[in-house]
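A look at the structure
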Amino acid sequence: MKIPPVKGTRDFYPPQMAVHNFINDGWKRASIRNGFEEYDGPIFEYLKMYQIKSGDEIVDQLFNFKDRGDRHLAIRPEITPTLARMVNQQINALSKPIKWFSVPRLCRAERPQKGRLREFYQWNIDIIGIDDVLADAEIIFTTIDYLRQLGLKPADVKAKISSRKLLAALLCNIGIPEEKLDSLYPLLDKKAKLPADTFEELLKENVCDGAKVKTILDLMSVDSVEKISDIINLNQEAQAALDEIKHLFDLLAVMDIGEYCVFDMSIVRGLAYYTGVVFEVHDMVGDLRAIAGGGRYDNLLRDFGGPAISATGMGMGDCVLEILLRQRGLLKDGQLQTRKVEFFVAYVNDELLKNVLEITARLRQADISTSFSYKAQNLKKQLKQAAALNAEKCIILGDELEQGQIVIKDMSTGEQSCVDMGEFFKNL
RNA sequence: GUGAAUGUAGCUCAGUUGGUUAGAGCACCGGAUUGUGGAUCCGGGGGUCGGGGGUUCGAGUCCCCUCUUUCACCCCA
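The subject of this paragraph is the overall build of chain A. A count of helical and extended segments in chain A gives 15 helices and 17 strands. On C-alpha atoms alone, chain A measures out to a radius of gyration of 28 Å, which is more than a quarter above the 22 Å that the 2.2 N^0.38 rule sets for 428 residues. Structurally, chain A occupies a C-alpha span of about 95 × 55 × 45 Å along its principal axes. Out of the 428 residues belonging to chain A, those deemed buried represent 46%.

Written as structure tokens, this is what we have:
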């Protein structure tokens, strides 16, 4: 009986594994050079953990099950709750700020579509304990630092940045009641996705005031922080939020990623728990879903039973990223080697197999990758196999061995020389 | 969860209005007088045509159901 792979999962054959490692290694290097430490947690947690942050509706969006002790568990759909739990558990022992990263494998029980599978990897970086846009700037910088290092230019990707705090203050400023905000956010978040007239229609239904709708529409389409004060008179709270985001853009410019960053009021993020700066990284050419998203979530640790400590972070999945890199020609099939040995030991007859094994074992003990043929096929075959393994050099064992000599052949130049075996090992 | 499209060798696809033992390229394996590689040539293995049911003398081809994949919606942590 043939069993197919599960819907929305991927098999990583060596070439795909090479791609995965390429992405994963880049994430790790970017994290480390930006001063983050790696952590990880279990791949399943109590189901309840995910309900705290996302509500009960989340349950059928994730893989959940009961263990034999009747505990309701779920495979992690995100790692932020685990991070909150881990940090809370040792909050007094951890030196601040906490700058941690992780590349968890996550599962969500959704129907797969372009750039979204049911199992994927997501790079997460978080800074906990810094209530300053400087930390948000660090998060955005690290995100862009990685993308830029891959070869993506400002014309390819942009971080669209806004602020929940600013949005809330502005909406209150124009007279939207505070209790209405939570229902308004998901609608505003859809602005880019809906046709302009549909969006306006829905906004009218929600706000029921023509003048306010007009102001909101004007606000949502501003492309720079400066223009906001042209549209409405700012109260103190809104002014403070505005100054904060201005400051953030100053910092980003100083860090030399200004070209990659734009202010965009329509970035709202669906989730309720964001409290300050929010951002999404988007592809500027195609119509891919967001490459990365993040923001400040100052209440989350408290919601998980810890102290009120501010936090800000970012998540980037591997699916959209891979599509983007392929579209831009920054990742090509066959570009990444899956096979590579330094030495391939060839031999001309079966009596020499012992010598082959001896030499191979010695090289491997010296941490030099080495392979050989399991059959003493003709030399042509063996060199062909060596080439297929991307061997740098071949050692050829033949009659010369009687004088303690081996032939070393450089596979890229084709040059070969006869050397004394003792000398060879001495010079390794 | 809703809707649409798709499914023939490992991969990319041919397959005539239903008609004999279902084909190609690439890949894989093996050979071309056994001590020199990525080429070329020759040969080989491999498919219950996604699965099940139906119509028919006869189904890869037509009908129904189901599964997969893809795309969009919902959602997007």
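Another aspect to go through is the nonpolar core. Residues Ile140 and Ile161 are the most contacted members of the largest nonpolar core, which totals 77 residues. For this core, the element with the highest residue contribution is helix α4 (residues 133-149), accounting for nine residues. Judged by nonpolar contacts, the second largest core, of 22 residues, contains Ala84, Ile98, Tyr273 and Phe304.

What surrounds RNA strand B is a group of 37 residues, the closest being Arg111, Leu271, Asp399, Glu400 and Met411. Close to the protein, within 4 Å, the atoms of RNA strand B are drawn from sugar and phosphate at a rate of 43%. One of the side-chain N or O atoms of arginine 111 is found 2.7 Å from a base oxygen in RNA strand B. Lysine 381 places a side-chain nitrogen or oxygen 2.8 Å from a phosphate oxygen of RNA strand B.

Evaluated as defined, the whole model comprises 25 salt bridges. In this structure, the salt-bridge partner of lysine 214 is aspartate 218, at a minimum N-O distance of 2.8 Å. Of this pair, lysine 214 and aspartate 218 both sit in helix α8 (residues 210-220), four residues apart, roughly one helical turn. Between lysine 227 and aspartate 223 there is a salt bridge, and its shortest N-O distance comes to 2.8 Å. Connected through salt bridges with shared partners, the residues Asp136, Arg296 and Asp298 form a single ionic network.

Strand β12 (residues 311-317) sits mainly inside the fold: seven of its seven residues count as buried. Burial of the side chains of β12 extends over both faces: Ala311, Gly313, Gly315 and Gly317 are buried on one face and Thr312, Met314 and Met316 on the other.

As summarised here, the arrangement of the three strands in space is β2-β4-β3, forming an open sheet in which the pairing is antiparallel. Edge positions in the open sheet fall to β2 (44-46) and β3 (64-66), since each of these has one partner strand only. On average, each strand axis in the sheet is inclined to that of its neighbour by 35°, with strand direction left out of account. Pairing between β3 and strand β4 (residues 72-75): three bridges, direction antiparallel. Its bridge partner being in β4, lysine 66 is matched across the sheet by histidine 72.

For strand β8 (residues 157-163), the buried fraction is high: six of the seven residues fall into the buried class. In the sheet, β8 pairs with strand β10 (residues 277-283) via seven bridges, with the strands oriented antiparallel. Across the sheet, the residue bridging to serine 163 is valine 277, located in β10. Where β8 lies against strand β9 (residues 261-263), three bridges are found, and the strand directions are parallel. Looking across to β9, one finds that alanine 159 is bridged to cysteine 261.

Below, the discussion takes up a positive patch on the surface. A cluster of basic residues, Lys375, Lys380, Lys381 and Lys384, forms a positive patch at the surface. As for its placement among the helices and strands, lysine 384 is situated in helix α14 (residues 379-388). Residue lysine 384 is classed as exposed on the basis of its relative accessible area of 61%.

Let us look at the packing of aromatic side chains. Within this structure, the stated rule accounts for twelve aromatic pairs. Considering the side-chain rings of tyrosine 39 and tryptophan 100, the 5.3 Å spacing of their centres and the 35° angle between planes classify their relative orientation as tilted. Remark: tryptophan 100 occurs in strand β5 (residues 98-102) and tyrosine 39 occurs in the loop between β1 (37-38) and β2; sequence separation between them is 61 residues. Taken together, Trp27, Trp123 and Tyr146 form an aromatic cluster joined through their ring pairs. It is lysine 99 that lies over the ring of phenylalanine 36; its NZ or CZ is 4.7 Å from the centre. Over the aromatic face of tyrosine 185 sits the side chain of arginine 164, whose NZ or CZ is 4.2 Å from the ring centroid.

So, about the environment of arginine 76. Mapped onto the fold, arginine 76 is located in the loop between β4 and α3 (80-89). For arginine 76, a relative accessible area of 2% puts it in the buried group. Sequence-distant contacts of arginine 76, that is, excluding residues within four places in its chain, are made with Asp40, Gly41, Pro42, Ile43, Phe44, Tyr50, Pro104, Arg105, Leu106 and Cys107. Side-chain polar atoms of arginine 76 contact the backbone oxygen of glycine 41, separated by 3.2 Å.

A word on the domain arrangement of chain A. Split into domains, chain A comes out as domain 1 (14-41 + 79-327) and domain 2 (343-426). On a C-alpha basis, the centres of domain 1 and domain 2 stand 55 Å from each other.

Conventions and cut-offs
- Throughout this document, residue positions are counted from 1 along each chain, in the order its sequence is written.
- Labels are handed out in written order, letters beginning with A for the chains and numbers beginning with 1 for the ligands.
- At least 70 in pLDDT is required for a residue's local features to be given in this predicted model, at least 80 for side-chain atom pairs to be given and counted, and no such filter applies to totals for whole chains, interfaces and linings, which use all residues.
- With hydrogens and water excluded, all non-hydrogen atoms of the structure serve as input to the side-chain values.
- We count a stretch as a helix when DSSP gives it H or I for four or more residues in a row; a strand needs E for two or more, and each element gets its number in order from the N terminus.
- For the radius of gyration, the atom set is restricted to C-alpha positions; the globular benchmark scales as 2.2 Å times the number of residues to the power 0.38.
- Between buried and exposed lies partly exposed: a residue is buried under 20% and exposed over 50% of the maximum accessible area for its type, with that area taken using a 1.4 Å probe on protein chains only.
- Residue types Ala, Val, Leu, Ile, Met, Phe, Trp, Tyr and Cys, when buried and joined through side-chain atoms within 4.5 Å, form a set referred to as a nonpolar core.
- Residue proximity to a molecule or strand is established when one non-hydrogen atom of the residue lies within 4 Å of it.
- Contacts described as polar in this section are N or O atom pairs within 3.5 Å, which, within protein, must combine one atom able to donate a hydrogen with one able to accept it, while residues neighboring in sequence count only if both atoms come from side chains.
- One side-chain nitrogen of Lys or Arg within 4 Å of one carboxyl oxygen of Asp or Glu is enough to make a salt bridge.
- At least two bridges found by DSSP between two strands are what make those strands a pair.
- All axes here are fitted lines through C-alpha atoms, helices being fitted over the stretch that makes contact, and every angle between N-to-C directions spans 0 to 180 degrees.
- Residues forming no salt bridge and having over 30% relative accessible area are the ones grouped into patches, like charges within 9 Å of each other and nonpolar side chains (Val, Leu, Ile, Met, Phe, Trp, Tyr) within 5 Å.
- The method behind every accessible area is Shrake-Rupley, applied with a 1.4 Å probe, and residues are considered shielded solely by the protein chains displayed.
- Only four residue types enter the tally: Lys and Arg on the positive side, Asp and Glu on the negative side; His and the chain ends are excluded.
- The atom standing in for a charge is NZ when the residue is Lys, CZ when it is Arg, CG when it is Asp and CD when it is Glu.
- Only Phe, Tyr and Trp rings take part, Trp by its six-membered ring, and two of them pair if their centres are within 6.5 Å. Stacked means planes under 30 degrees apart, edge-to-face means over 60, and tilted covers everything else.
- Whether a charge sits over a ring depends on NZ of Lys or CZ of Arg being within 6 Å of the ring centre and within 35 degrees of the ring normal.
- We call two residues in contact when some of their heavy atoms are within 4.5 Å.
- An automatic or database domain assignment is the source of the domain bounds shown.

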